[in-house]
Structures are given as structure tokens and as C-alpha cells.
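Residues per chain are reported as follows:
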Amino acid sequence: MIIAVKRWFTVALLTTCITLARTVALAADDWQVIKINGHDYLSVDNIARFYRLPAEVAPSGAKIRLETVMNPLEFVRDSREVMINGVRCWLCFPLIEQNGKFLVSRTDVAKTIEPQLRPHRVPNAGKVETVVLDPGHGGHDKGAVCRYGNEKDFALDVARKVRPLLQAKGLRVIMTREGDYFVPLEVRAQIANAARNSIFVSIHFNDTNDDPSATGFEIFSFTPRGAPSTSDNSLTPTALSMQAGSEVDAQSMALSACIYHSLLGHIPEFDRGIKRARFAVLRLTKVPAVLIEGGFLTERGESKLIAMKDWRAKLAQAIVVGIENYHALGVKKQPPMLVADYRRQTKLVPAEPVTPEADLSLVNLIGESALAPKPAKTSPSPSQQRSLPTAFDSAVIVP
Ligand SMILES: [Zn+2]
């Protein structure tokens, strides 16, 4: 009996929530929701019209890369892969075709596309006082290993390089570990949850048993409620409906995008994409949280790079610039810099010759970044020049 009452209550509550959500979304009058097997979709045309951005759909199985991408939105038929503003990203659900129209799940429009195209409009995005840096692994847990060293040591070194640069920008920094010891994953999350207006940035390096030639960067944030993670092959909604989501997944996605554009914009690594996962540290943090994979220790050339102090300093600096761009969302309410903006900028600023024996001191790093044109002072980036419509106050689509 009690169970029956409880069930009725859940259903009633759910119906109310859905009705409210529909009202808000439809009030915008910009979205034509298409129902397929009980799931909500939006057409690629509708998305392009709403954001006033050209969008394209590549044929099934097409390989898309930054160099060949022409449009801010480039989908692939039957695939979860999409290029958004020049970087790869993975949708929760594949693009489908129905009656000659290409359709994207409503979840993806709300949780993947919107926070990447308009991160400056994500509520509370950029509200940061404390950055919690989480160097992966530690102590008995070495993480990935290569002939040059261990993931735990490289991750700690990068975090140590990031810390003073963020402090110099006026941000408070907490490290989940200061040395070579193991900290339980739930404790790492608790540290972030206890800090005021914090964000959580976990730093890792990758490995794989499957493909020794695998290379590149990737970044993860928590998988939205009811959606599969990027590595999940099973896309059946029934298996997924019980998974909890996060209150801050749009902020986490905005943070992912800000950091990832900076990483790829500063360092020419392979673009594995912005992904979703239910890793413990992402699941247990209640604040915007991302996990960076800064390259593969199982690939010869890449492990060599990761083992170089100067390269790690460059990685640290790129992470800092990404976090700064996220922080600026709360102040400037403007889109952050994109991969193409960074690449154009680094062309303008001649690269410092690398002296392998001398580690770049942190003072040098701060000096270098101060000399480089700052996002705020440069001429408007293409993303800004594109001048996203001012009548852009239509409601964000509600998942
Ligand atoms: Zn790791």
C-alpha cells in the first residue's frame, strides 16, 4: 500500500516537472520538438536557425578534423561525434534521420550544445573563488607507467606548476594531495565540496592496452541523468534512466569547453574530444568538475613529451588560461576564446626557444603570459565578431 502511494506521488511529481519544463521551453517558441518513440528531438535545421550558425551533417563514418571543418556545428550521420566551434565533442545520443530531417536529442541540445555555444549564459558559470586541483593517483597507486616515469608524478608536477599561476590571478588554490601519497577518491571530492564557490580540476595522463599508437588530449565531465557515458556502447534508455545526474552539469560542460579549447589551441595534440563519464571524482563532486587526460604514456613520442619539464609547463599554462577563461564568463558574460583564436594568437607571438637543460621558472611563465595579448584586450575574437544575436534572450531549452 505504502509503495503504491509512493509510486503515485513520484508519477504525479514527474508529470508536474515535465509540464513545467514544456511550458518554459515552448514559451521560447523557437524550438519545434519532434517526438520519436517517446523521446524528444530537435532538427539540425532548428538548431542552426536558433543559434544563427551554419551547421552541416557529414556522411556516416566520415572522419572530421579541425583542419577540414568549415562550420561551427558539424555533425556526423548516425554518430555521436560532432565538432562544435572547432573541437570534437561526443553527444550522449547519436544523430538520427527521420523523414529527411537530421535530429539531435533534446538532452544533447540542452546539456551538450547549449553550454558549449553559450557558456557565458550558463547560470553561475564562472563563479569561482577556489580551484581544487586534483593530481591523479599517488602513493601505491602509480597510475599509468612508462619508461620515463609514472602518471602520479607527472600529474603532481603539472598541478604544482598550475597552482602559483592561478594564485597570481587572485584565485585560491587547494591541492587534494601535496606529495606522493594516496588520497581516497571520495576525500578528493569532499575537499572540493567543502570549499566555497569551488571548481574541481583533476589532472591525469592516459594509457591503453588496445592501441599503442593512441595519442591526444581528452577531457571529461559528469554524464547527464539518463544518458550514456561516451565509452558506453549500450544506448538503450531503459538501462540508463536510474542514473543520477548533477545539478551543475552545464557549468561542468562550460568548464570542459574553456579548458579544452585552450589545451588544443596552445598545444598541437590530437583532439580526442570533450567526453562524458561517471568517474568517482566526477560523480561525488557537487561543484563544477572536469578530468583532464593530458596525453598517452603508452605512446612512445607522447610519453617523451610528457616526461619533459618544459612541455608540462606548457600544459600547465594552457590549463591556467582555460580556467581563467571560465572565470571570466562570470564577469564579462562573453563567449570564451576558441581553439582558432588561440592558434591565431600563438602565431602572432613568436614562441620562446626551448632550452632543454633549463626548466622555465614560474616567474618566467608568469612574465610570458603577461606579455602575450590577453583575451580581454585583443580585438574581438571571431566568436565575438560573429555577434551572437542580441535578441538572444529566448529561453534555453529545458532538458
Ligand atoms: Zn589516471
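The paragraphs below set out a description of the structure included in this document.

Rules of the game
- Residues numbered from 1 in each chain as written.
- Predicted model: local features only at pLDDT ≥ 70, side-chain atom pairs only at ≥ 80, totals over all residues.
- Heavy atoms only, no water.
- Helix = DSSP H or I, 4+ residues; strand = E, 2+ residues; numbered from the N terminus.
- Buried < 20%, exposed > 50% of the residue type's maximum accessible area, 1.4 Å probe, protein only.
- Contact = heavy atoms within 4.5 Å.
- Areas by Shrake-Rupley, 256 points an atom, 1.4 Å probe, with all protein chains shown as cover.
- Donors = N, O, S within 2.8 Å, 3.2 Å for Na, K, Ca; no water.
- Axes fitted to C-alpha atoms, helices over the stretch in contact; angles between N-to-C directions.
- Parallel < 35°, antiparallel > 145°, perpendicular 65-115°, else oblique.
- Left-handed = near helix turned anticlockwise from the far one by under 90°.
- Nonpolar A, V, L, I, M, F, W, Y, C, P; charged D, E, K, R; others polar.
- Lys, Arg positive; Asp, Glu negative; His and termini not counted.
- Salt bridge = Lys/Arg side-chain N within 4 Å of Asp/Glu carboxyl O.
- Polar contact = N/O pair within 3.5 Å; in protein donor to acceptor, adjacent residues only side chain to side chain.
- Pairing = 2+ DSSP bridges.

**Topic: the overall build of the protein**
And then number 1: When you go through the protein residue by residue, the secondary structure sums to 13 helices and 16 strands.
And then number 2: Considering the protein as a whole, with its 399 residues, one finds that 50% of them fall into the buried category.
And then number 3: Put simply, 72% of the contacts in the protein that link residues at least 6 apart link residues at least 24 apart.
And then number 4: For the protein, the exposed area adds up to about 18,900 Å²; of that, 57% sits on carbon and sulfur atoms.

**Comments concerning the coordination of the zinc ion**
And then number 1: Looking at the metal site, the zinc ion is ligated by His137 (NE2), Glu151 (OE) and His204 (ND1), spaced 2.0 to 2.2 Å from it.
And then number 2: When the donors of the zinc ion are listed by position in the chain, the intervening gaps give H-x13-E-x52-H. Here Glu151 lies in helix 4 (residues 151-168) and His137 lies in the loop between strand 9 (130-135) and strand 10 (145-146), a separation of 14 residues in the sequence. Taken individually, His137 and Glu151 each receive the classification buried, so the pair is uniform in this respect.

**Focus: unusual backbone geometry**
And then number 1: Residue Asp78 is not a glycine yet carries a positive backbone phi of 65°.
And then number 2: Along the chain, Asp78 turns up in the loop between strand 4 (73-76) and strand 5 (81-84).
And then number 3: Residues other than glycine seldom take positive phi values, yet Asn85 does so here, at roughly 50°.
And then number 4: Assignment of secondary structure puts Asn85 in the loop between strand 5 and strand 6 (87-90).
And then number 5: Exposure remark for Asn85: the relative accessible area of 11% places this residue in the buried category.

**Quick notes on the packing of helix 7 (residues 249-266) against helix 10 (residues 309-332)**
And then number 1: In the contact formed by helix 7 and helix 10, the axes pass within 8 Å of each other and the chain directions differ by 140°. With respect to their mutual orientation, helix 7 and helix 10 come out oblique. In this structure, helix 7 meets helix 10 at a crossing whose hand is right-handed. Mapping the contact onto sequence places Gln251, Ala254, Leu255, Cys258, Ile259, Ser262, Leu263 and His266 in helix 7 and Lys314, Leu315, Ala318, Ile319, Val321, Gly322, Ile323, Asn325, Tyr326 and Leu329 in helix 10.
And then number 2: Taken together, the residues of the contact of helix 7 with helix 10 sort by class into 12 nonpolar, 5 polar and 1 charged.

**Brief notes about the side chain of Arg276**
And then number 1: For Arg276, the position within the fold is in strand 15 (residues 271-277).
And then number 2: Although buried, Arg276 forms no salt bridge, and the nearest oppositely charged side chain, Asp108, lies 4.8 Å from it.
And then number 3: Within the structure, the side chain of Arg276 is placed 3.1 Å from the side chain of Thr112, a separation counted as a polar contact.
And then number 4: Beyond its immediate chain neighbours, meaning those up to four positions away, Arg276 contacts Trp90, Cys92, Lys111, Thr112, Phe220, Ser221, Phe222, Thr223, Pro224, Ser229, Thr230 and Met253.

**Observations concerning the pairing of strand 12 (residues 172-175)**
And then number 1: Here strand 12 shows a buried face lined by Val173 and Met175 and an unburied face lined by Arg172 and Ile174.
And then number 2: Pairing of strand 9 with strand 12, which is carried by 4 bridges, proceeds in the parallel orientation. Looking at the pairing, Leu133 lines up with Met175 of strand 12.

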